[in-house]
Amino acid sequence: MIKSLKIFIGYDSREKIAYHVLSQSIIANSSIPVNITPINLKNIKGFYNRPKAKIHSTEFSISRFLTPYLSNYEGYSLYLDCDFIVLGDIAELIKFISKKPSKVLWCVKHKEYIPKDKTKFLKEKQTPYLKKNWSSFMLFNNAKCK
């Protein structure tokens, strides 16, 4: 049985407050211990130095996929973009894991999402693409990600 959860949050230096608001919303609503880690490019430059491309609107656009590596490919980890707010108990996610413990990844899927606006936060260009936002919320079975 899972008694705690590792949570990684995409950190963008332009959105520091969002990271802290999300972290607090997790802590305030969780009934289990959580370990919250920002995926901050400054902290991982010793092993990750991929430059931000023009198409990437955040500093964590690609680094989010390091979540299993940052978890030593052990257990389960949750990745969230920093612009979430958690209103429920994060422990509820464990129900998904217990139903299909051999699954590799859970994410929120939607069909044919087309952004309404041409710009995003901080006046970044909105780039529509297939499966947009699927990687904003990912629950990893880290051992299966090798």
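All values derive from a computational prediction rather than experimental measurement.

### Points about the side chain of Ser71
Within the fold, Ser71 resides in the loop between α3 (67-70) and β3 (76-80). At 3.0 Å, the side chain of Ser71 forms a polar contact with the backbone oxygen of Thr67. Residues in contact with Ser71, not counting those within four places in the same chain, are Lys6, Phe8, Ser77 and Asn142.

### Structural notes on the pattern of salt bridges
A side chain of one charge can pair with a side chain of the opposite charge if their charged atoms are brought near each other. Per the stated rule, a full pass over the model turns up three salt bridges. For the salt bridge of Asp81 with Arg64, the shortest nitrogen-to-oxygen distance reads 2.8 Å. Residue Asp81 is found in the loop between β3 and α4 (93-99), and its partner Arg64 is found in the loop between α2 (41-44) and α3; the two are separated by 17 residues along the sequence. Residues Asp81 and Arg64 agree in their burial class; the two are buried. With a shortest N-O distance of 2.9 Å, Glu92 and Lys95 are connected by a salt bridge. On the accessibility criterion, Lys95 (47% relative accessible area) is partly exposed.

### As for the nonpolar core
Nonpolar side chains in soluble globular proteins tend to end up buried together. Judged by nonpolar contacts, the single largest core of 33 residues is most densely connected at Leu5, Ile7, Ile9, Ile26, Leu78, Leu80 and Ile90. At the level of elements, β1 (5-10), α1 (16-29), β2 (34-39), β3, α4 and β5 (137-141) are the ones that each hand at least two residues to this core. Look past the residues within four positions of Leu78 in its chain and what remains in contact with it is Leu5, Lys6, Ile7, Phe8, Ile90, Leu93, Phe137, Met138 and Leu139.

### A short note on the environment of Ile26
Mapped onto the elements, Ile26 comes out in helix α1. Its relative accessible area of 1% is what places Ile26 among the buried residues. In the structure, Ile26 is positioned 62 residues away from Gly88 in sequence and 8.1 Å away in space, judged by C-alpha atoms. Once residues within four sequence positions are removed from consideration, Ile26 is found in contact with Ile7, Ile9, Val34, Ile36, Leu80 and Val86.

### A look at the confidence of the model for the protein
When pLDDT is averaged across the protein, the result is 86; 86% of the residues are at 70 or more. Across the protein, element-level confidence peaks in α1 with a mean pLDDT of 97 and bottoms out in α2 with 86.

### Re empty space enclosed by the protein
Within the structure shown, the criterion is met by one cavity of 30 Å³ or more. Roughly 70 Å³ of internal volume is contained in the largest cavity. Lining the largest cavity are ten residues, and of these Tyr48, Arg50, Pro51, Lys52 and Glu59 lie nearest its centre. Tallied by class, the residues present in the lining of the largest cavity amount to four nonpolar, three polar and three charged.

### Observations regarding the sheet that holds β5
Spatial ordering of the open sheet is given by β2-β1-β3-β5-β4, a layout of five strands whose pairing is mixed. Looking at strand neighbours, the two that pair on one side only are β2 and β4 (105-107), the edges of this open sheet. In this sheet, adjacent strand axes meet at a mean angle of 20° when their direction is disregarded. The pairing of β4 with β5 spans three bridges and is antiparallel. Looking across to β5, one finds that Cys107 is bridged to Met138. α1 rests against β1, β2 and β3 of the sheet, and its axis sits at about 170° to β2.

Definitions and limits used
Residues numbered from 1 in each chain as written. Predicted model: local features only at pLDDT ≥ 70, side-chain atom pairs only at ≥ 80, totals over all residues. Heavy atoms only, no water. Helix = DSSP H or I, 4+ residues; strand = E, 2+ residues; numbered from the N terminus. Polar contact = N/O pair within 3.5 Å; in protein donor to acceptor, adjacent residues only side chain to side chain. Contact = heavy atoms within 4.5 Å. Salt bridge = Lys/Arg side-chain N within 4 Å of Asp/Glu carboxyl O. Buried < 20%, exposed > 50% of the residue type's maximum accessible area, 1.4 Å probe, protein only. Core = buried A, V, L, I, M, F, W, Y, C linked by side-chain atoms within 4.5 Å. pLDDT = per-residue confidence, 0-100. 1 Å grid on protein atoms, 1.4 Å probe; cavity = no way out; pocket = protein on both sides within 12 Å on 5 of 7 lines; lining within 4 Å. Points joined across faces, edges and corners; volume = space filled by probe spheres on them. Nonpolar A, V, L, I, M, F, W, Y, C, P; charged D, E, K, R; others polar. Pairing = 2+ DSSP bridges. Axes fitted to C-alpha atoms, helices over the stretch in contact; angles between N-to-C directions.

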